[in-house]
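# Structural overview for review
So the chains spell out like this:
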Amino acid sequence: MKSIHHELRRAWEQVRRRHPLVSLLLVIRKTFRPFVNWDIFDVFETDLRLPLPESYSKGKFDVRIYGGPKDLKRTIEDLTSFNDLLPVDIELRFGRGDVVGVAYAADQVVGCMWLTFANGTELEFGTSWIMNAAEALRYDSFVRPDWRGRAIHSLLNDALNRYARERGILRTLGEISVLNSQSLSLPKHLRRVRTMRVVVFHVRGLNWTYRKAVGAPFESRFAIEPGLPNRNPRYQFGNCHGLCKIIGPVAHSFPFQTPHETKRKTIS
Ligand SMILES: CC(C)(COP(=O)(O)OP(=O)(O)OC[C@H]1O[C@@H](n2cnc3c(N)ncnc32)[C@H](O)[C@@H]1OP(=O)(O)O)[C@@H](O)C(=O)NCCC(=O)NCCS
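Scoring rules and cut-offs
Residues numbered from 1 in each chain as written. Predicted model: local features only at pLDDT ≥ 70, side-chain atom pairs only at ≥ 80, totals over all residues. Helix = DSSP H or I, 4+ residues; strand = E, 2+ residues; numbered from the N terminus. Buried ≥ 20, exposed ≤ 12 C-beta atoms within 10 Å, placed from the backbone. Contact = placed C-beta atoms within 7 Å. Pairing = 2+ DSSP bridges. Axes fitted to C-alpha atoms, helices over the stretch in contact; angles between N-to-C directions.

### Some points on the overall build of the protein
- Broken down by element type, the protein carries seven helices and 11 strands.
- In the protein, which comprises 268 residues, the proportion classed as buried is 35%.
- Taking contacts inside the protein between residues at least 6 apart in sequence as the whole, the part at least 24 apart equals 78%.

Pasting the structure below:
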């Protein structure tokens, strides 16, 4: 009972902070996801050869970067109780060289963001990223709901950009769904302009996918082939956690189930 109340409060928080049209689109998308799925992403790039803007977070937070076998145990301990990542997901990511920035308030984990150097990570529906040498992709940012609104996202973004630059990376990339207004706040603050917008529309029964990019050729950044997964195939709630936890069971009572909803979220 307490958990339902908590989820309803979180769902309301999500709805309250979103434009009503965005909330409606998210509900429609979630409801019809067993049949059709779609998203529109904006791609943002950060040139690490240029001076990096400081994070605009005002709080006292500590960011640590973890990666590799030596950090596996600690990362699993810190992150699996924090969002819906499983130990096997973290192992998978570390296994291919990804690192994670973890934000702490005192000793409490309050947020995280991932960075991959691997080419070919999955965007959605058999579409994968093309990453050139000296490029890295920021993805799967998450801030604990009660710590949102303190720009922890910007702090993590800044820490990973600086880490990437120290590793000799020249450019980081990220993609944000146009329905994710919370995440879009970061490029807005930093006055970043998207380099391309990508539309992906998938009809499950026909296994047919429509892909379209504007701003740059689709093939310049994406390949039409299954990419490296980031997660174990299992149920995900995308970028509307609270709301979708309530809608999810209804949507998933349809006869068709999506094989997996491993939508990664990457950021500018
Ligand atoms: C997106 C996310 C990482 C942003 O983290 P954050 O540290 O709260 O970021 P900010 O403090 O800069 O806030 C961003 C926006 O969230 C909204 N916000 C502010 N306070 C909030 C709160 N208490 N609760 C929820 N959202 C809030 C505001 O719209 C804010 O934008 P503004 O500053 O331009 O008004 C976080 O909302 C999150 O984890 N969302 C779920 C997962 C997700 O969508 N990840 C990103 C995928 S690209």
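### Topic: the sheet that holds strand β11 (residues 222-223)
- In space, the three strands of this open sheet follow the order β5-β6-β11, with antiparallel pairing throughout. The strands lining the two open edges of the sheet, one partner per strand, are β5 (122-124) and β11.
- Where β5 meets strand β6 (residues 127-129), two bridges bridge the pair, whose relative direction is antiparallel. Note that in β6 the partner of Glu124 across the bridge is Thr127.

### Observations concerning the sheet that holds strand β9 (residues 196-203)
- The strand order across the open sheet built from eight strands is β2-β3-β4-β7-β8-β1-β9-β10, with neighbouring strands paired in mixed fashion. Each having just a single partner strand, β2 (62-66) and β10 (208-214) make up the two edges of the open sheet. Direction aside, the axes of adjacent strands within the sheet are offset by 25 degrees on average.
- Where strand β3 (residues 99-105) lies against strand β4 (residues 108-116), seven bridges are found, and the strand directions are antiparallel. Bridging from a neighbouring strand, Tyr104 pairs with Val109 of β4.

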